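# Observations on the model geometry
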Amino acid sequence: MPNHVLAYVTSDSVEITATGHRQEIGNVLEMTPDTNFDLGSITKILCTTSILMKYVETNEVKLLDPVSRYLPNWNSSEKSTITIKDLLEHQSGLNEWRPLYISANSPEQIHQLIAVDPLKYAHNSGRHYSDLGFITLGLLIEKVSKASLEKVFSEIIAKPLALTATQFRKPLDSMNVAATSIGDVIEKRMVETGSPYPVTELATSFNKWRTNILVGEVNDGNSFHGFHGVAGHAGLFSYASDLATYLQELILSLRSEGYFSEQVLNQFLTLSPDPMQALGFRTWVIGGQTYFGHTGFPGVAVAFTQEGTGFVYLSNRIHTEGEFPTTDSLWIPLLERENHP
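The following paragraphs examine the structure supplied in this document. Owing to the predicted nature of the structure, the values given are computational and were not obtained by experimental measurement. (Residues numbered from 1 in each chain as written. Predicted model: local features only at pLDDT ≥ 70, side-chain atom pairs only at ≥ 80, totals over all residues. Heavy atoms only, no water.)

### Brief notes about the overall build of the protein chain
Counting its regular elements, the protein chain contains 11 helices and nine strands. For the protein chain, the spread of C-alpha atoms along the principal axes amounts to about 50 × 50 × 35 Å. Counting over 341 residues, the protein chain shows a buried share of 58%. With an accessible surface of roughly 13,700 Å², the protein chain has 50% of that area assigned to carbon and sulfur atoms. (Helix = DSSP H or I, 4+ residues; strand = E, 2+ residues; numbered from the N terminus. Buried < 20%, exposed > 50% of the residue type's maximum accessible area, 1.4 Å probe, protein only. Areas by Shrake-Rupley, 256 points an atom, 1.4 Å probe, with all protein chains shown as cover.)

This is the structure:
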């Protein structure tokens, strides 16, 4: 197992352990409970989904609102009926991923590309996990709030929950942060090979590929190159204590004792037509127990149960020159051990 930080969470306690070092290439530094990590797609729930839960609670948006109500350039024949709920459940039919930063020079151009990009799948034909959908939800939040996603996250989520080390673009502590990968080597290879997603962009059309070890830089290319580290799908940094606090707040909210509406949170935890997906939250069923949470590409994961336990796993799995394990292959055994100690 890669070097990692683990946290076990209940409504009133947190146990955090750290194992190993933060870098396998270059300097060898100790991994600690306070080590900061690039959260990757955990941003999708901690930021985007959480903000939308508050907006649903205050009736600023409705889940069945068409996206085109807020983004008029989505009013094409094939996209006009796609709803906020569809994007949260990954049922829109959008492309899973494209290196949009190669084809566009600004966030505005990226959003326009997504708006006119033909659907890859029929709307509501199945779960097709899409970064493009959550990039769009980030823009929708900005349109509703008339403020930047970074500011909305800070004001609506981070400050009320006292997430003092959770922020976009860079870690709070640049001296204690886990490296992710060697530059953009992984995304560049994805573009060159068309695996796992065929794309129209060419790697040779982009001259800003990073080659340095990424320490304190957002790993995700669309977030870093396209949105300066602030996007609805990726860009947050945090550490175990803040993530444990967030999980505690969700657990307490299920008892009507937390920051989120119990009714709205349960609505967001309703399974979609695909049982591995709720609204924003990914699900795992292990030993008859359902876990709600999300993973992040750098090797991170969080989950909680409706019964009141939570788990945080933070690793540097892709910080290697060779092949790296999948996050689920590291994460799921931890949940299995919890069910079969």
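### So, the sheet that holds strand 3 (residues 37-38)
Within the open sheet, the three strands sit side by side as 3-5-4. Their pairing is antiparallel. The outermost strands of the open sheet, each flanked by one partner alone, are strand 3 and strand 4 (167-168). (Pairing = 2+ DSSP bridges.)

### Some points on the environment of Arg282
With respect to the helices and strands, the residue Arg282 is situated in strand 6 (residues 282-286). Judged by relative accessible area, Arg282 falls into the buried class, the value being 14%. When the C-alpha positions of Arg282 and Asn59 are compared, they lie 24 Å apart, and in sequence the two are 223 residues distant. Excluding residues that lie within four positions of it along the chain, Arg282 makes contacts with Arg127, Met276, Gln277, Tyr291, Phe292, Gly293, His294 and Asp328. (Contact = heavy atoms within 4.5 Å.)

### Examining the sheet that holds strand 1 (residues 4-10)
In space, the six strands of this open sheet follow the order 2-1-9-8-7-6, with antiparallel pairing throughout. In this open sheet, the two strands that pair with only one neighbour each are strand 2 (14-19) and strand 6. Neighbour to neighbour, the strand axes of the sheet diverge by 20° on average, direction disregarded. Taken together, the five bridges between strand 6 and strand 7 (residues 289-296) define a ladder with antiparallel strand orientation. Of the residues in strand 7, the one forming a bridge with Thr283 is Phe292. Packed on one face of the sheet, helix 9 (residues 240-253) meets strand 1, strand 2, strand 8 (300-304) and strand 9 (309-315) and runs near 155° to strand 9. (Axes fitted to C-alpha atoms, helices over the stretch in contact; angles between N-to-C directions.)

### With respect to the packing of aromatic side chains
Overall, the coordinates contain 11 aromatic pairs when judged by the stated rule. Centre to centre, the rings of Phe153 and Phe168 are 5.8 Å apart; their planes meet at 80°, and the pair counts as edge-to-face. With Phe153 in helix 6 (residues 149-158) and Phe168 in strand 4, this pair connects stretches of sequence that are 15 residues apart. Residue Phe168 is classed as buried on the basis of its relative accessible area of 3%. Aromatic rings pair up to connect Tyr8, Tyr291 and Phe311 into one cluster. Directly above the aromatic system of Phe224 lies the positively charged group of Arg210, at a separation of 3.8 Å from the ring centroid. For Arg317, the ring lying beneath its charged end belongs to Phe297, and the centroid distance is 5.0 Å. (Phe/Tyr/Trp six-rings, centres within 6.5 Å; stacked < 30°, edge-to-face > 60°. Lys NZ or Arg CZ within 6 Å of the ring centre and 35° of its normal.)

### Here's the deal with the pairing of strand 1
Most of strand 1 is tucked away: five of the seven residues are buried. Note that strand 1 and strand 2 share six bridges and pair antiparallel. Along strand 2, the bridge assignment pairs Val5 with Ala18. Here strand 1 folds back onto strand 2 in antiparallel fashion, the turn holding three residues. Here strand 1 pairs with strand 9 via seven bridges, running antiparallel. When the sheet's bridge partners are listed, His4 is paired in strand 9 with Ser315.

### A short note on the nonpolar core
Counting residues in hydrophobic clusters, the biggest one holds 76 residues, and the most contacted among them are Leu52, Phe268 and Phe281. When near neighbours in sequence (up to four residues on either side) are disregarded, Phe281 contacts Ile45, Thr49, Met53, Tyr246, Leu250, Leu265, Phe268, Leu269, Phe292, Gly293 and Phe304. (Core = buried A, V, L, I, M, F, W, Y, C linked by side-chain atoms within 4.5 Å.)

### Observations concerning the side chain of Glu187
Checked against the element boundaries, Glu187 lands in helix 7 (residues 185-193). Despite being buried, Glu187 has no salt bridge partner; Arg210 is the closest side chain of opposite charge, sitting 6.4 Å away. (Lys, Arg positive; Asp, Glu negative; His and termini not counted. Salt bridge = Lys/Arg side-chain N within 4 Å of Asp/Glu carboxyl O.)

### A few points about helix 4 (residues 107-116)
Residues lying three or four places apart along an α-helix face the same way, a consequence of the helix completing one turn every 3.6 residues. If you check which residues of helix 4 are buried, you get Ile110, His111, Ile114 and Ala115. Take helix 4 and look down its axis: the buried residues cluster within an arc of 140°, on one side only. Residues Glu108 and Val116 are exposed on helix 4 and point more than 90 degrees away from its buried face. For helix 4, the elements touching its buried residues are helix 3 (100-103), helix 5 (131-145) and helix 8 (221-227). (Arc of directions from axis to C-beta.)

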